[in-house]
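Examination of the molecular architecture
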Amino acid sequence: MIIDCHGHYTTSPRQHEGWRTQQIEAHAAGKAAPPRPTITDDEIRQTIDGGQLKVQKERGTDLTIFSPRAAGMGHHLGDATTSEAWASACNELIHRVCSLFPKNFIGVAMLPQSARVSPRNCLAEIERCVNHYGFVGINLNPDPSGGHWQDPPLGDRYWYPIYEKMVDYDIPAMIHVSMSCNPTHHTTGSHYLNGDTAGFNQLMTSSVLKDFPTIKFIIPHGGGAVPYHWGRYRGLAQDAKLGLLSELMLHNVFFDTCVYHLSGQELLAKVIPVDNILFASEMIGAVRGVDPETGHHYDDTKRYIDQLPLSAADKAKIFEGNARRVYGRLSSTIERQAATA
Ligand SMILES: [Zn+2]
C-alpha cells in the first residue's frame, strides 16, 4: 500500500469557502454568521473524483491522509469563536470525504486556533474528530498569527494541553502553518518552509520530547531547511550541550517527502534515516505545474522515491510502514474504513 501522509481538501465545493468569506465579513460587522450552506454528497464526489482521487489513480498511490486546506485555516482571521465554527465546518467536510471514499482517504483535523488564545480551546475539537470521525492526527499551527509569530514557541508549556491530548490519543501532529498575512512572507514559498524550520528548532531547544517521550511530530515539506542544514543543527545542539541531534530528535520527529525535485529527495534520504521519512506529495496543493526538465508534475513525488538507490524494504517503510507506526491509529482505521466500503 502507498500512503500519502499529506493532502489537503484544496478542491472543496465553492460554497464552503464562500461561507467562510461571509462568516468573516459578518464578524467584522459585529453580526452573526449566516447559516452554513448545503453541500450535497454528489458535489463532494465530483470534487474528489475529478481531483485527488484521479491523481491517486494516475500516480499509483492508494490512500491519502487528508486534512482541510492549510492556507484556508486562516487562524489570524476573526476570533476564537469564528475559528471554532470554521474548524468544525472544515473537519466535518473531511469526515464526509472519508465516509464517501473510505478506502482512499483518512482524516486529520485542523484545530480552532487563534493568535494569543490558549490552545486549550482546541481540545474539544480534537476529541470530537478522533472519537466521532475516526481521525488519526492533527495539523498544529505554530504561528496562528499568520506570519507575525505572536504565540510562545512550541517548547513552551502553553502548548502542553495539546501534547497531553496527542499522547493520550496516540495521534501525531504535523506542524503546519496557514496563510501568511505578512507581505514579507509568501505563504507557500516562504512562510510554510519557515514554519517547518522554526518548529523543528523550537522542539530541539525545548524539553517537549523529554516530557512526552512517546509524542510524534511530522515536519512537512521535506522538513523545511532542516535536512539541508543538518550539520548546523547538529552543531547547535552540541554547542548548547543538548547531546547528539539524532538521539535528541529522531525518536519523535519525522519528515515528509514533499520535496519537488529528485536532488532534494536524494539529500533527504541521505541525511535523514529511512525510519524517519514518510511518503507525501501534498497534492493537489502548492505547486501544480509540470516540470519542463522531467515532463512530470513537480509534486509527483512517488517518481522521485522510486528512483532513490534504496532497497525495496526501505522504500516500503517510506511508502507505508513508517506512516502506520507514526499514526498509531492508522492501521485500525484502515481496516475499519475498508470494512464500510
Ligand atoms: Zn500542507
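Note: the structure precedes this text.
Residues numbered from 1 in each chain as written. Predicted model: local features only at pLDDT ≥ 70, side-chain atom pairs only at ≥ 80, totals over all residues. Heavy atoms only, no water.

Before going further, it helps to spend a moment on the overall build of the protein. For the protein, the count of helices and strands is 14 helices and 11 strands. Taking 341 residues into account, the globule formula puts the C-alpha radius of gyration at 20 Å, and the protein, at 19 Å, falls close to it. Along the longest, intermediate and shortest principal axes, the C-alpha atoms of the protein span 55 × 45 × 40 Å. Split into buried and exposed, the 341 residues of the protein put 54% on the buried side. Long-range contacts, defined here as pairs at least 24 residues apart, represent 77% of the contacts in the protein between residues at least 6 apart. Side chains of the protein give 31 positive and 36 negative charges; the mean places of these two sets differ by 1 Å. (Helix = DSSP H or I, 4+ residues; strand = E, 2+ residues; numbered from the N terminus. Rg over C-alpha atoms; globule rule 2.2 N^0.38 Å. Buried < 20%, exposed > 50% of the residue type's maximum accessible area, 1.4 Å probe, protein only. Contact = heavy atoms within 4.5 Å. Lys, Arg positive; Asp, Glu negative; His and termini not counted. Charge placed at Lys NZ, Arg CZ, Asp CG, Glu CD.)

With that settled, consider the sheet that holds strand β6 (residues 173-175). With parallel pairing, six strands are arranged side by side in an open sheet as β4-β5-β6-β7-β8-β9. In this open sheet, the two edge strands, each paired with only one partner strand, are β4 (109-110) and β9 (277-278). Across three bridges, the pairing between strand β7 (residues 217-219) and strand β8 (residues 253-256) is parallel. Across the sheet, Phe 217 pairs through a bridge with Val 253, a residue of β8. On top of the sheet, helix α7 (residues 187-204) reaches β6, β7 and β8; it is set at about 120° to β6, its chief contact. (Pairing = 2+ DSSP bridges. Axes fitted to C-alpha atoms, helices over the stretch in contact; angles between N-to-C directions.)

Turning to helix α9 (residues 230-239), its buried residues number three or more, namely Trp 230, Tyr 233 and Ala 237. Along α9, the residues classed as buried sweep out an arc of 65° about the axis, all on the same side. Among the exposed residues of α9, those oriented more than 90 degrees off its buried face are Arg 232, Gln 238 and Asp 239. Check the buried side of α9 and you find it contacts α7, α10 (245-249), β8 and α11 (262-271). (Arc of directions from axis to C-beta.)

Each protein donor to the zinc ion is listed here as His 6 (NE2), His 8 (NE2), His 176 (NE2) and Glu 282 (OE); together their distances run 1.9 to 2.0 Å. Viewed at the metal, the four donor atoms of the zinc ion are separated by angles of 100 to 118°, and the geometry they form is tetrahedral. Sequence positions of the donors to the zinc ion reduce to the motif H-x1-H-x167-H-x105-E. Here the residue His 176 occupies a position in the loop between β6 and α7, and Glu 282 occupies one in the loop between β9 and β10 (290-291), the gap between them amounting to 106 residues. (Donors = N, O, S within 2.8 Å, 3.2 Å for Na, K, Ca; no water. Tetrahedral: all angles 85-135°; square planar, octahedral: opposite > 155°, others 65-115°.)

Our next topic: the nonpolar core. The nonpolar side chains of a soluble globular protein tend to be buried with one another. With 63 residues, the main nonpolar core has Tyr 163, Phe 200, Phe 217 and Phe 255 as its most contacted residues. With five residues, helix α6 (residues 160-169) is the largest single contributor of residues to this core. Those residues within four positions of Phe 200 in sequence are excluded, and the remaining contacts are Ile 219, Val 226, Trp 230, Tyr 233, Leu 245, Met 249, Val 253 and Phe 255. If you look at the next biggest cluster of nonpolar residues, it comprises 19 residues, including Val 136, Cys 258, Val 326 and Ile 334. (Core = buried A, V, L, I, M, F, W, Y, C linked by side-chain atoms within 4.5 Å.)

With respect to burial, strand β2 (residues 63-68) is a largely interior element, six of its six residues being buried. Here strand β1 (residues 3-9) pairs with β2 via five bridges, running parallel. Each residue of the ladder has a partner; that of Asp 4, found in β2, is Thr 64. When β2 meets strand β3 (residues 105-107), the two strands line up parallel, connected through three bridges. Each residue of the ladder has a partner; that of Ile 65, found in β3, is Ile 106. You can see the chain leave β2, run along helix α4 (residues 80-100) and come back into β3, and the turn it takes is right-handed. (Right-handed = clockwise from strand over helix to strand, strands pointing away.)

Another aspect to go through is helix α5 (residues 123-131). For α5, the set of buried residues is Leu 123, Glu 125, Ile 126, Cys 129 and Val 130. The buried residues of α5 all sit within an arc of 160° when viewed along its axis, so they share a single face.

Here we come to the side chain of Thr 187. For Thr 187, the location among the structural elements is in helix α7. The contact partners of Thr 187, leaving out residues within four places of it in the chain, are Ala 71, Ser 178, Met 179, Ser 180 and Tyr 192.

On to the packing of α7 against α9. Put simply, α7 and α9 touch, their axes get as near as 11 Å, and they point 25° apart. Between α7 and α9, the interaxial angle falls into the category roughly parallel. For the element pair α7 and α9, the recorded crossing hand is right-handed. Note on element contacts: α9 touches α7 through Trp 230, Tyr 233, Leu 236 and Ala 237, opposite Thr 197, Phe 200, Asn 201 and Met 204. Here the residues of the contact of α7 with α9 sort into six nonpolar, two polar and no charged. (Parallel < 35°, antiparallel > 145°, perpendicular 65-115°, else oblique. Left-handed = near helix turned anticlockwise from the far one by under 90°. Nonpolar A, V, L, I, M, F, W, Y, C, P; charged D, E, K, R; others polar.)

So, to be careful, I would describe these as geometric facts and stop short of saying anything about function.
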